[in-house]
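Chain by chain, the residues run as shown.
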Amino acid sequence: MRPCWDLPRLAMLPVLLLVSAPPATAQQLTQWETYTNGEEQEAASAAQELISQLRNDYVNKGKRVFRDAHPRGIGCVAATFTVNKDLPAQFQTGVFAQAGASYDAIIRFSSSLGPVGDHTGDARGFAIKLFGVPGTKLLSDQPNATTVDFLHIDAPFFPAVNTHDFAGIVKIKSNPKSIGSFLLENPIVHALELKNLVALSTANPNNGKSLAERQFYSQVPYLLQGSTINIPTKFTSRPCSAVAHLPLNGSDTELRDDLQYRLNQGPLCYQFAVQFYQPGLKVEDATNVWGENKVPFTNFATITIPQQNFMTDAKLHYCDALSFHPWHTLAQHQPLGNINRARRTIYEAISKYRHEQNNESGLATEPADRKAFDALTDTTYSTWNAVTLPAPASR
Amino acid sequence: MISRVFGRYAFVPMLLALLVGHGCKSTSNSGVQDFNVGAIQTLTLQQWTAACQQQLNDPKGGAQARSDLQALANTTDCATAYPVLQKVMASYTTAK
């Protein structure tokens, strides 16, 4: 038995206070959402568990702390996000308010599991950060930020139905014995959720494909609210046209290498498209897939990733220090559903913790523009080739 | 709901529970049926079938449970689904 009031535990107190604050949105549910008693506590508990795992996985081993989810950045690329000129007027709201408008962006490609090599079967992330977006943002401590984030992975569903089940899955990692009680609590649904996790990782149909070939999905819904529209949506980013398949090289950095190879040859293009809610679709069940055959996507914007060299230590470091957060957004794109409400609590806690542990608290502030990233011209690429990195010397 | 009624102070007991409860006692889940499992091998066919069947027999949720079981194992029979569950668990363990 360990002493209860050891220093690491006391050091967690500010984090616990942070994650225990009830999110303001619990009282601001939309007509499509249903509040579940205790969901804030479930989210706070999951955040605490995840921070404990980060301490065990990284801090106690003298390593740099990565994110709990999508820890390993494959890379960040500069991009341009341009609203389609022919976007119908009723959809022109939020970042899409002006047809033809163009935003500087950074896109972070990532792996979902712990810091493992690119060749490991896994879900891959595609997180867009737009710069120069006017308007008050939803995160209460960053209302004047000029960024908006759109988070995707390469599957159209989240593995857990809700925050309660997500918290149960989180516990399994640190306490494998809990898998028995997790399954028996709600056997069929929880077994399906574990099957979903397998479908995202080892059985992911995208394994072996280039990131340039993949379609990425928001998984969970977001509002689209304007003067003549108010509806839950899901979004996707998909290649503008068929992309040639090239065999990956089998290394720990095969996806990064492939992406750099393609960006040496020329630009990449994705369409950003949106699905609209229909009766019968679910907002609070994050596993619910809005089938593309019944709920088609409508193109809203075009993402262009120009030819560039992103595979440098400086850019990979900058990329890792950024925070991508579903609540980095406008009210017109409010995240919906209990998983998104939990992410508000969890993402803030994790971001704060890892920036503190990496002695990078100054980098936790949202950048105002992409200038600092674009100015990283040192082409050295050595340290960040590794899948884990040492902790800062002064931790 | 607690926060709506009592405000942020309602979380103080939970904070204390988190502080005291984590690492200060054994990890057993009192009040929750627990099994000596490191993997699915110890969740027997009998245990799985009983829990699964209970869900199928639920007057309120039985229809959804059958639909979910179909999605899990392409069957509506709990015993038939067990090998699929074992396979999922083996893959899950590998994935993690």
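For the structure itself, look to the data block above.
Residues numbered from 1 in each chain as written. Chains lettered and ligands numbered in written order. Predicted model: local features only at pLDDT ≥ 70, side-chain atom pairs only at ≥ 80, totals over all residues. Heavy atoms only, no water.

Trainee: I'd like to hear about the state of the cysteines, residue by residue, with values.
Mentor: What is meant by a disulfide is a covalent connection between two cysteines, made through their sulfur atoms. Residue and element names in this part refer to chain A. Tallying each qualifying case throughout the model produces three disulfides over all chains. Note on cysteine connectivity: Cys76 is disulfide-linked to Cys319, with sulfurs 2.1 Å apart. Around the S-S axis, the bridge from Cys76 to Cys319 shows a dihedral of about 70° and counts as right-handed. Linking Cys76 in strand S1 (residues 72-83) with Cys319 in helix H8 (residues 313-321), this pair joins segments that are 243 residues apart in sequence. (Disulfide = S-S within 2.5 Å. Helix = DSSP H or I, 4+ residues; strand = E, 2+ residues; numbered from the N terminus.)

Trainee: I'd like a rundown of H8 of chain A, residues and numbers included.
Mentor: Residue and element names in this part refer to chain A. With seven of nine residues buried, H8 is to be regarded as a mostly interior element. Regarding H8, the residues found buried are Asp313, Lys315, Leu316, Tyr318, Cys319, Asp320 and Ala321. Where the residues of H8 are buried, they touch S1, strand S2 (102-111), helix H7 (254-265), helix H9 (338-357) and helix H10 (371-374). (Buried < 20%, exposed > 50% of the residue type's maximum accessible area, 1.4 Å probe, protein only. Contact = heavy atoms within 4.5 Å.)

Trainee: Which residues make up the packing of helix H3 (residues 39-57) of chain A against helix H4 (residues 163-174) of chain A, and what are the values?
Mentor: Residues and elements named next belong to chain A. Viewed as axis vectors pointing N to C, H3 and H4 meet at an angle of 20°, and their least axial separation amounts to 9 Å. For the element pair H3 / H4, the angle class is roughly parallel. H4 is crossed by H3, and the crossing has left-handed handedness. Facing H3, whose interface residues are Glu39, Glu42, Ala43, Ser45, Ala46, Glu49, Leu50, Gln53 and Asp57, H4 presents Thr163, His164, Phe166, Ala167, Val170, Lys171, Lys173 and Ser174. Along the lines of polarity and charge, the residues of the contact of H3 with H4 split into six nonpolar, five polar and six charged. (Axes fitted to C-alpha atoms, helices over the stretch in contact; angles between N-to-C directions. Parallel < 35°, antiparallel > 145°, perpendicular 65-115°, else oblique. Left-handed = near helix turned anticlockwise from the far one by under 90°. Nonpolar A, V, L, I, M, F, W, Y, C, P; charged D, E, K, R; others polar.)

Trainee: Could you give an account of empty space enclosed by the protein, naming the residues involved and the relevant values?
Mentor: All names here are of chain A. By the definition in use, this model includes six cavities of 30 Å³ or more. When its volume is computed, the largest cavity comes out at roughly 100 Å³. Contributions of two or more residues to the lining of the largest cavity are made by S1 and H8. Broken down by element, the residue count for the lining of the largest cavity peaks at three residues, all from H8. Taken together, the residues of the lining of the largest cavity sort by class into seven nonpolar, one polar and four charged. Taken as a whole, the second largest cavity spans an internal volume of roughly 80 Å³. Lining the second largest cavity, in full, are Phe96, Phe150, Tyr222, Leu223, Leu224, Thr233, Phe235, Phe272, Val274 and His333. (1 Å grid on protein atoms, 1.4 Å probe; cavity = no way out; pocket = protein on both sides within 12 Å on 5 of 7 lines; lining within 4 Å. Points joined across faces, edges and corners; volume = space filled by probe spheres on them.)

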